[in-house]
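Results of the structural survey
The lines below spell out each chain.
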Amino acid sequence: QVQLAESGGGLVQPGGSLRLSCAASGSTSRIYHMTWYRQIPTKTRELVASISREENPRYADFVEGRFTLSTNNAENTLYLQMNSLKPEDTAVYYCLAEDFMRNNQYWGRGTQVTVSS
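All figures in this text were calculated on a predicted structure; none of them were measured in a lab.

This part is about unusual backbone geometry. Positive phi, close to 50°, is recorded for Glu64, a residue that is not glycine. In this structure, Glu64 sits in the loop between strand 6 (58–59) and strand 7 (67–72). For Glu64, a relative accessible area of 56% translates into the label exposed. Non-glycine residue Asn76 carries a positive phi angle of around 50°. Along the chain, Asn76 turns up in the loop between strand 7 and strand 8 (77–82).

In structure tokens:
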């Protein structure tokens with residue numbers, strides 16, 4: 001089993017920045033893919049950014065160069081640096097970890113990001 005714990009959300013003004021963290025524990029050697037999703041009420045969860053072992057990060061079109069994924073493998077932590085935040089970035093952000101074949105999925109509980117003046 002893999003456990004994920006997100007942190008770093010909060011309230012920020014438009015144009016501000018936040019760094020989200022997703023700390024993995026348990027059977028972390030199983031993890032091959034990690035993804036940040038976000039969800040607002042009444043909408044389906046949407047992919048924000050993803051990274052797989054030995055591959056470059058990929059980002060949703062709406063990111064437009066504002067977000068950056070990084071990892072700290074020693075601490076089994078995935079980061080999402082979010083800059084130039086917009087009100088439409090307001091959502092609960094979730095971290096997903098998957099094994100190579102994507103047969104096993106592990107979700108965190110999410111962290112709320114609110115962008116408002």
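Turning to its location among the elements, Thr28 is positioned in the loop between strand 3 (18–26) and strand 4 (33–39). Look at Thr28 and you get buried, because its relative accessible area is 18%. When sequence neighbours within four positions are dropped, the list of residues in contact with Thr28 reads Val2, Arg53 and Asn76.

Our next topic: the packing of aromatic side chains. According to the stated counting rule, one finds three aromatic pairs in the structure shown. With a centroid separation of 5.3 Å and 55° between ring planes, the pair formed by Tyr37 and Trp107 is classed as tilted. Residue Tyr37 is found in strand 4, and its partner Trp107 is found in strand 10 (residues 105–107); the two are separated by 70 residues along the sequence. Centre to centre, the rings of Tyr94 and Trp107 are 6.4 Å apart; their planes meet at 85°, and the pair counts as edge-to-face. Of this pair, Tyr94 sits in strand 9 (residues 91–98) while Trp107 sits in strand 10, and the two are 13 residues apart along the sequence. Take Tyr94: its relative accessible area is 15%, and that puts it in the buried class. The exposure class assigned to Trp107 is partly exposed, which follows from its relative accessible area of 35%. The ring of Tyr94 has Arg45 sitting right over it, with the charged end atom 3.9 Å from the ring centre.

What follows deals with the environment of Gly10. By secondary structure assignment, the location of Gly10 is in strand 2 (residues 10–12). The partly exposed category is assigned to Gly10, whose relative accessible area is 24%. As for Gly10 and Ser84, which are separated by 74 residues in sequence, their C-alpha atoms are 15 Å apart. Setting aside anything within four residues of it in sequence, one finds Gly10 in contact with Leu18, Gln112, Val113 and Thr114.

Let's shift gears to the sheet that holds strand 8. Pairing is antiparallel across the open sheet formed by four strands, whose spatial order is 1-3-8-7. Each edge of the sheet is formed by a strand with only one pairing partner; in this case those strands are strand 1 (2–7) and strand 7. Here the strands of the sheet are splayed against their neighbours by 15° on average, with no regard to which way each runs. In the sheet, strand 3 pairs with strand 8 via six bridges, with the strands oriented antiparallel. Across the sheet, Ala23 pairs through a bridge with Thr77, a residue of strand 8.

Cut-offs applied
Residues numbered from 1 in each chain as written. Predicted model: local features only at pLDDT ≥ 70, side-chain atom pairs only at ≥ 80, totals over all residues. Heavy atoms only, no water. Helix = DSSP H or I, 4+ residues; strand = E, 2+ residues; numbered from the N terminus. Buried < 20%, exposed > 50% of the residue type's maximum accessible area, 1.4 Å probe, protein only. Contact = heavy atoms within 4.5 Å. Phe/Tyr/Trp six-rings, centres within 6.5 Å; stacked < 30°, edge-to-face > 60°. Lys NZ or Arg CZ within 6 Å of the ring centre and 35° of its normal. Pairing = 2+ DSSP bridges. Axes fitted to C-alpha atoms, helices over the stretch in contact; angles between N-to-C directions.

Everything listed is a geometric property; what it means functionally is a separate question.
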